[in-house]
Structure formats: C-alpha cells, structure tokens
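Architecture and fold: a report
Given next are the chains, with one letter for each unit.
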Amino acid sequence: MPIALKIFLSALLINNIILMRFIGLCPYIGMSTDVKQSIGMGFAVTFVMVLASTATWTLYNLVLYPLGLEFLQILVFILIIASLVQLVEFYLKKAAPALYMSMGIYLPLITTNCAILAVTFDNISYGHSFFQSIVYSVGVALGFMLAMVLLAGLRTRVRTSAIPAFLRGNPILFVLSSLVAVSFMGFAGLIK
Amino acid sequence: MKRSTAVFLQGLVIENPLAIIMIGLCSALAVTTSVANGIGMSLAMTFVIVASEFIISLFRKLIPESVRIPIFIIIIAAFTTMVDLVMKAYFPDLSQAMGVFIPLIVVNCIIMGRVEAFASKETVPHAVLDALGMGLGYTWVLVGMSVVRELLGNGTILGIQILPESFQPILFFVLPPGGFLVFSLFISLNLFLKKKWLESPLGCPDPEGGN
C-alpha cells in the first residue's frame, strides 16, 4: 500500500481524530444537532485544516527550524491559524458571498478548534513531508466530518426514544459516541 | 454567603466546566487512562488558568477592547509554553504520555471562556478565586475519571496493584470508547450533585446575578 494512502486511511478511520483521539470534541457535541449543519462544519474544517497545515509546515521548516526557534511553535502556530481564518473570512465575504453565507458562521469557531492546532503539531512531530502533511490533514478532516455526521444521525433517532432518566440530555450523547467508537475500533487491523 | 466564596464554589459543581458547560473536553477524555496522567494534566491546566486569569485581570483596564482576543491568546500561549517546556525538562515520561494535549491547553475553551467572561471584567482576587474554582472543578472530574478507568482497566491506582491478581482487567475502560462511557456517567453524577446542591442550604444564587 502506498504510504500516502496509509496515512490517509489511518487518519480517517483507525486514528479517527474524534472517536479515537478525543480531539475537537467541542464542535462535535455542540454543532451536531442536524446532519446538514454537520456537513457544513465538516467542509469548513477541511478547508481551514489544509490551509493551516500548508502554512504552518512551510513556516516551521523554512523559518523556525533553520533559525532554532522551535520553542516558539505553540505561539506562532496559533497566531498563524487565527490570522489565516480571519483573512479567509474577509476574502470569502468579498469574493464569494454565497459560500460565505453557508460556511462563514463556522469559521470563527474553527480558530479555537483544537483539531486544527493538533493536526499542525502532528505534521511536525510525525515528520511528514509537505505532500504527506496535506494528505494527512484531508484525512483527519474527513474523519472529523464522518464522526459528526454519524452522531447527528444518531441524535435524530435518540430524540424519540425512551432513555433512562439519568442519561437524558448530555450523558446519552457520550454513550452513543462510546458505541460508535467501539465500532471504529474494528478498523484497527486495516493497515499492516 | 460572601460573593468571593460563591465565586470560588460555583466552578466545582454548579458551573463545572467539563460536566455542565461541556467545554475543554478533549484533554479530559484523552489523558484519563491513568491516575498519574490525570493529576499531571489537572495541575498543568490549573496553573495555566490561574496564571492567565491573574495577568489578564491585572491588566484588564489596559487591554483595548477591539484586540482583546489576540492578546488573551498570546498570554495563554505563553503560559502553556512554560508548562510544556517545564514538563519536557523535569517529567519527560509524563510529557511523553500526554503528547499533544499539553500544547493543546492553549486552545482549551475553558481558559478562553473564563478569561473572556470573567477575568476581563473582575478584580484580581475574584479572578484568581474563579480560576482556582474552575481548576478544582476540572481536577475532581479528571482524577475521578482516571481512578475509575485505571482501576477497572488495569487493576491499579498510580501503578500500585489494588484489585486482586485474579481480577481480569477490563481493557475496554482504558480504550477510547471507555473514556466516552465513563465521562457520560460523570456528567450524570454531576447533574445529580448539582440538583442536591441547589436544594441544600448551600445552594446559593448565581454570583453573576442572572440565570
């Protein structure tokens, strides 16, 4: 199996960022009330994640690493992501108002989404090449969308079911996630 | 009840950042596979939130309204970097075990939320008390979860064998699905405690007046 495909599948299924690594849980719980919204959020995350990975990878390998400034990684990455999201928002508002209307509301939320920051750190600590870091970020983002869509679908079912009183409200969401996560563990043997 | 007591207490149960407000969940679920990790993460998190709320409350009159968010982020990121480097230097094993979750404190919504909603408007003592309360609320859930998960998933607490050798560890609890399940039970427990708390004489009106 080519290495890029391995990275992609591992990010999408085996090490699913939400179900297996618990990163990005806030939007996962907060924004998954219906399937359509989850898909919108998923695309916005994909877009920002790829953009953030390219920008931070380039900056780290061309500026921070050669100058020995690796310890500034956290500070620099979060600032890049925040300003990037802001720029994208301005650009979309002006250039593609229709897209902005459908995606724009998710963008500010994404700045503080730990999934984005985690992926940029992963790219550095796993030693990905430029191309691999793009593949990895697409895989992670699609995995994020998959988990959100699954939960959104389950939530619409749960609304009309009889749930034990002590699990009503938020606790049941985590029981559902637990069950989905169990099924995702089945993917563990996918890659040798 | 004095306001400062109320400010301190509300983070424990009534406004528990993890179980009630449901923010900053990532680290809580990921690192609670062992008690040592749970304690380490709680300490790191409490330090960053107390330090950030202190500094931001101290300078709240100097920070311009329009650029406050980037300033908050830089302050939080500075403290997170300190914790990250200290842990790497003195507790390399712990730092290795928690991996990416220490740097991720910087985007932990609990800190950003409290700084924005509380520290940027309140006096320094109140901000520090609020941070301590939130930190403790975070800590008890994290330590509680890690005790349950390590005990059932590994038969140990802090690496010391507690359950008899004949006990077959339930691996489920240290795997990711177990984290979700244990957390759902902790939310349930916290909702129960909140209900009891509000019924008891301790139940105080929200110090911010509303709700």
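As a reminder, the structure under discussion sits directly above these lines.
Here we summarise the structure given alongside this text. Keep in mind it's a predicted model, so treat the numbers as computed, not measured. (Residues numbered from 1 in each chain as written. Chains lettered and ligands numbered in written order. Predicted model: local features only at pLDDT ≥ 70, side-chain atom pairs only at ≥ 80, totals over all residues.)

Secondary structure summary: chain A contains nine helices and zero strands in total. Order of helices (α) and strands (β) in chain A, N terminus to C terminus: α-α-α-α-α-α-α-α-α. In summary, chain A has a C-alpha radius of gyration of 18 Å against a globular reference of 16 Å for 192 residues, a match within 12%. Across its three principal directions, the C-alpha atoms of chain A cover 60 × 45 × 30 Å. By residue count, 40% of the 192 residues in chain A fall in the buried class. The long-range fraction of contacts in chain A, counting pairs at least 24 apart against all pairs at least 6 apart in sequence, stands at 77%. (Helix = DSSP H or I, 4+ residues; strand = E, 2+ residues; numbered from the N terminus. Rg over C-alpha atoms; globule rule 2.2 N^0.38 Å. Buried ≥ 20, exposed ≤ 12 C-beta atoms within 10 Å, placed from the backbone. Contact = placed C-beta atoms within 7 Å.)

From N to C terminus, chain B includes eight helices and two strands. Along its sequence from the N terminus, chain B presents helices and strands in the succession α-α-α-α-α-α-α-β-β-α. The globule rule puts the C-alpha radius of gyration for 211 residues at 17 Å, and the 18 Å found for chain B is close to it. By its C-alpha atoms, chain B is 60 × 45 × 25 Å across when sized along the principal axes. Per-residue burial for chain B yields a buried fraction of 48% across its 211 residues. A sequence separation of at least 24 residues applies to 75% of the contacts in chain B between residues at least 6 apart.

Right, let's talk about the packing of helix α9 (residues 170-185) of chain A against helix α8 (residues 176-199) of chain B for a bit. Packing of α9(A) against α8(B) brings their axes to within 8 Å, and their N-to-C directions diverge by 170°. Between α9(A) and α8(B), the crossing angle belongs to the class labelled roughly antiparallel. Note on element contacts: α8(B) touches α9(A) through B:Pro176, B:Pro177, B:Phe180, B:Leu181, B:Phe183, B:Ser184, B:Ile187 and B:Ser188, opposite A:Asn170, A:Pro171, A:Phe174, A:Val175, A:Ser177, A:Ser178, A:Ala181, A:Val182 and A:Met185. Of the residues belonging to the contact of α9(A) with α8(B), the class tally is twelve nonpolar, five polar and no charged. (Axes fitted to C-alpha atoms, helices over the stretch in contact; angles between N-to-C directions. Parallel < 35°, antiparallel > 145°, perpendicular 65-115°, else oblique. Nonpolar A, V, L, I, M, F, W, Y, C, P; charged D, E, K, R; others polar.)

On to the interface of chain B and chain A, then. Tallying the contact residues gives 32 residues for chain B and 31 residues for chain A. Listed by contribution, the elements that provide at least two residues to the side of chain B that touches chain A are α2 (25-30), α4 (68-90), α6 (109-119) and α8 of chain B. Residue composition of the side of chain B that touches chain A, by class: 26 nonpolar, five polar and one charged.

Right, let's get into the nonpolar core. With 111 residues, the main nonpolar core has A:Ala115, A:Phe144 and B:Val48 as its most contacted residues. Here this core gets 13 residues from one element, more than from any other, and that element is helix α8 (residues 130-158) of chain A. Sequence-distant contacts of B:Val48, that is, excluding residues within four places in its chain, are made with B:Ile76, B:Phe79, B:Thr80, B:Val83, B:Ile105 and B:Ile111. (Core = buried A, V, L, I, M, F, W, Y, C linked by C-beta atoms within 7 Å.)

Time to look at the packing of helix α1 (residues 3-10) of chain B against helix α7 (residues 124-154) of chain B. Residue and element names in this part refer to chain B. Relative orientation of the contacting elements α1 and α7 amounts to 30°, with a least axis distance of 6 Å. What the angle tells us is that α1 and α7 run roughly parallel. The two elements α1 and α7 meet at a crossing, and its hand is right-handed. For the pair α1 and α7, contact is made by Ser4, Val7, Phe8, Leu9 and Gln10 and by Pro125, His126, Leu129, Asp130, Leu132 and Gly133, respectively. (Left-handed = near helix turned anticlockwise from the far one by under 90°.)

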